[in-house]
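Each chain, written out:
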Amino acid sequence: MAKKSVKITETVLRDGQQSLAATRMRIVDMLPILEKMDSIGYHAIEAWGGATFDVCLRFLNEDPWQRLRLLKKNLKTPIQMLLRGQNLLGYHPMADDVVREFIMRSVDNGVSIIRIFDALNDTRNLETAMRATKEAGAHAQGCIVYTVSPYHKDEDFVKLGKELVEMGADSICIKDMAGLLLPYNAYKLIQALKKEIHIPIELHTHFTSALGDMTYLKAIEAGVDIIDTAISPFSCASSQPCTESIVAALKGTDYDTGLDLERLGEVADYFKRVKKDLEEDFHLNTNISIDPKILSSQIPGGMLSNLLNQMKEMGVADEYDALLSEMPRVRKELGYPPLVTPTSQIVGTMAVMNVVLGRYKMIPQEVRNLVAGKYGRTPGPIDPEVKRLAIGNQEPITCRPADMIPPELDTYRKRLAEDGYPNASMEDLLSYISFPEVAKTFFGHNR
């Protein structure tokens, strides 16, 4: 196999700050460094999507669309976003007309690469978003959400990769959101994919288990084309491996990234100050520990802290160990979904309720919807007793979930007009559809 230079996607403006600083980085924190970042030679800068959209509106009093336009104005490097398939940037499936319009506006406002994933790896939930991305003239990156279970073997991931190629993916991302991909397993998986797939493969991991850079090195040796890293102040722990360290490790080898360590050091110095400001302004603790226990619990670090907070609020923090053993049990009973938004929240909340109230004594609507097939196909079968408790004798749907959702754009436009915004832009309408109450509060302060 011919050796080649490895490309780097920088995540500091999205996943780096989302993982370590609760997504609180503001556009004013970003603007002064964009010119310098643009000169580095990154393959792409991940800067939009994921939780950034919600947090802009909910906590930062910032218009996410305006943020995107400002980023585009200051960057020639491709801007990448993370999209939750049919769920867009929310937590439940949206109508096809909304998905198409959202993607069209995202590309019009500055996105060049859209990384599209589905929490269940159900490719039916990627169809509309993939097609719309291609029609909008952007790069469609299909995702393999990586997890470990009896239903997630290399051959399953290769089959999924081939499906994504058939759907028109321009590249494929292995999305290891919990840091579960072990170095030698990464080597085998990349090799297996490379035998069958001839479009670029990108690897995304988190340093939660402290294996991230080893995993990247083995993936690089196996021929991975692109890796995701974060500049040092926003790297490691529950974020991505460190950009400068990976660049230094590959320097002078056949995989040399060609990136300048001195320039990267200047970017890092700037983000050290930003991190300090965010810690002070938002009372954040960005000193998050690594946690190799995730290899057995499979619970992402950020999710663990959220669940612990939930239990503290309910006055049952001393049941935390019970929660840790309940989580894998619930995940198995719900068909082994990968633990990524929104299935991580669904499984986590169910586990908390089981520990606090008794097993399946109270079942949230989202769990009922998952069991009913409204999020798509689960990788494994749902436990029959859990199915009975959740949806009784009702048969789960077998069609693509979005086929049951009528067009929503006009309905929401009327609703927004009734709420006092008859002349809202399409971008504002899409914000409102994604997060109705949050967007309304934002408009009240800014429109």
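To keep things clear, this report deals only with the structure shown in the data block.

A few words on the packing of aromatic side chains. Within the structure shown, the criterion is met by 15 aromatic pairs. Counting every residue linked through ring pairs, the aromatic cluster contains Trp 48, Phe 53, Trp 65, Tyr 91, Phe 102 and Phe 435. A cation sits over an aromatic face here: Lys 218 above Tyr 187, 5.0 Å from the ring centre. The ring of Tyr 412 has Arg 415 lying over it, and the distance from NZ or CZ to the ring centre is 4.8 Å.

Moving on: the side chain of Asp 176. Secondary-structure assignment places Asp 176 in strand 6 (residues 171-176). Comment: no salt bridge for buried Asp 176; closest opposite-charge side chain is Lys 175, at 9.4 Å. Among the polar contacts listed, one links the side chain of Asp 176 to the side chain of Thr 205, at a separation of 2.7 Å. Among all residues touching Asp 176, those that are not within four sequence positions of it are Tyr 146, Leu 181, His 204, Thr 205 and His 206.

Gaps left between atoms are located by rolling a probe of water-molecule size over the structure's atoms. Computed from the structure, the second largest pocket encloses a volume of approximately 350 Å³. Lining of the second largest pocket is provided by 14 residues; of these, Leu 120, Asn 121, Asp 156, Lys 159 and Pro 379 occupy positions nearest its centre.

Let's shift gears to empty space enclosed by the protein. What the rule picks out here adds up to one cavity of 30 Å³ or more. In this structure, the largest cavity occupies an estimated 70 Å³ of space. Together, Gln 86, Asn 87, Pro 93, Asp 118, Ala 119, Leu 120, Asn 125, Pro 342, Thr 343 and Tyr 375 line the largest cavity. When grouped by side-chain class, the residues that make up the lining of the largest cavity number five nonpolar, four polar and one charged.

Calculation criteria
- Residues numbered from 1 in each chain as written.
- Predicted model: local features only at pLDDT ≥ 70, side-chain atom pairs only at ≥ 80, totals over all residues.
- Heavy atoms only, no water.
- Phe/Tyr/Trp six-rings, centres within 6.5 Å; stacked < 30°, edge-to-face > 60°.
- Lys NZ or Arg CZ within 6 Å of the ring centre and 35° of its normal.
- Helix = DSSP H or I, 4+ residues; strand = E, 2+ residues; numbered from the N terminus.
- Buried < 20%, exposed > 50% of the residue type's maximum accessible area, 1.4 Å probe, protein only.
- Lys, Arg positive; Asp, Glu negative; His and termini not counted.
- Salt bridge = Lys/Arg side-chain N within 4 Å of Asp/Glu carboxyl O.
- Polar contact = N/O pair within 3.5 Å; in protein donor to acceptor, adjacent residues only side chain to side chain.
- Contact = heavy atoms within 4.5 Å.
- 1 Å grid on protein atoms, 1.4 Å probe; cavity = no way out; pocket = protein on both sides within 12 Å on 5 of 7 lines; lining within 4 Å.
- Points joined across faces, edges and corners; volume = space filled by probe spheres on them.
- Nonpolar A, V, L, I, M, F, W, Y, C, P; charged D, E, K, R; others polar.

So, to be careful, I would describe these as geometric facts and stop short of saying anything about function.
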